[in-house]
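Structural overview
The residues making up each chain are set out below.
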Amino acid sequence: HAKMFAASLSVSYLNDPRGYRACFNKGSHHLSFNYRRIGKNKCTEWKQHLPFFLDLIIHEFAHREGSSHFSPEFFNATTKIGAKLALLLRSEPDLL
């Protein structure tokens, strides 16, 4: 997050009965993963589920630009963040 957006990020793992998998708060730069919905094993063994988590993180970080999943700002942010993340991981593969 710091390398992509020049801001720190805090992360938490929750056991929330609601249906969301993750939630990003752009005001506090906080990302929560709901391991009840994702699955505790998937969270523990995240490297084995990397495409799932990269997709989820791109989705959540796109909320920096738009809260609605149907807004052009959100859609455009997903593609830009995906491209930026791909280039970052290509140049710094040890980030994973």
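Owing to the predicted nature of the structure, the values given are computational and were not obtained by experimental measurement.

The strand order across the open sheet built from three strands is β1-β3-β2, with neighbouring strands paired in mixed fashion. The open sheet has two edge strands, β1 (10-14) and β2 (22-25), and neither has a second partner. In this sheet, adjacent strand axes meet at a mean angle of 15° when their direction is disregarded. Here β2 pairs with strand β3 (residues 30-34) via four bridges, running antiparallel. Along β3, the bridge assignment pairs Asn25 with His30.

The next point concerns helix α4 (residues 50-62). The terminal C-alpha atoms of α4, which comprises 13 residues, lie 18 Å apart, in line with the 18 Å expected from a rise of 1.5 Å per residue. Within the sequence span of α4, burial applies to Leu50, Phe53, Leu56, Ile58, Glu60, Phe61 and Ala62. For α4, the elements touching its buried residues are α1 (2-5), β2, β3, α2 (35-38), α3 (40-44) and α5 (72-91).

Rules used in this analysis
Residues numbered from 1 in each chain as written. Predicted model: local features only at pLDDT ≥ 70, side-chain atom pairs only at ≥ 80, totals over all residues. Heavy atoms only, no water. Pairing = 2+ DSSP bridges. Helix = DSSP H or I, 4+ residues; strand = E, 2+ residues; numbered from the N terminus. Axes fitted to C-alpha atoms, helices over the stretch in contact; angles between N-to-C directions. Expected span 1.5 Å × (residues − 1). Buried < 20%, exposed > 50% of the residue type's maximum accessible area, 1.4 Å probe, protein only. Contact = heavy atoms within 4.5 Å.

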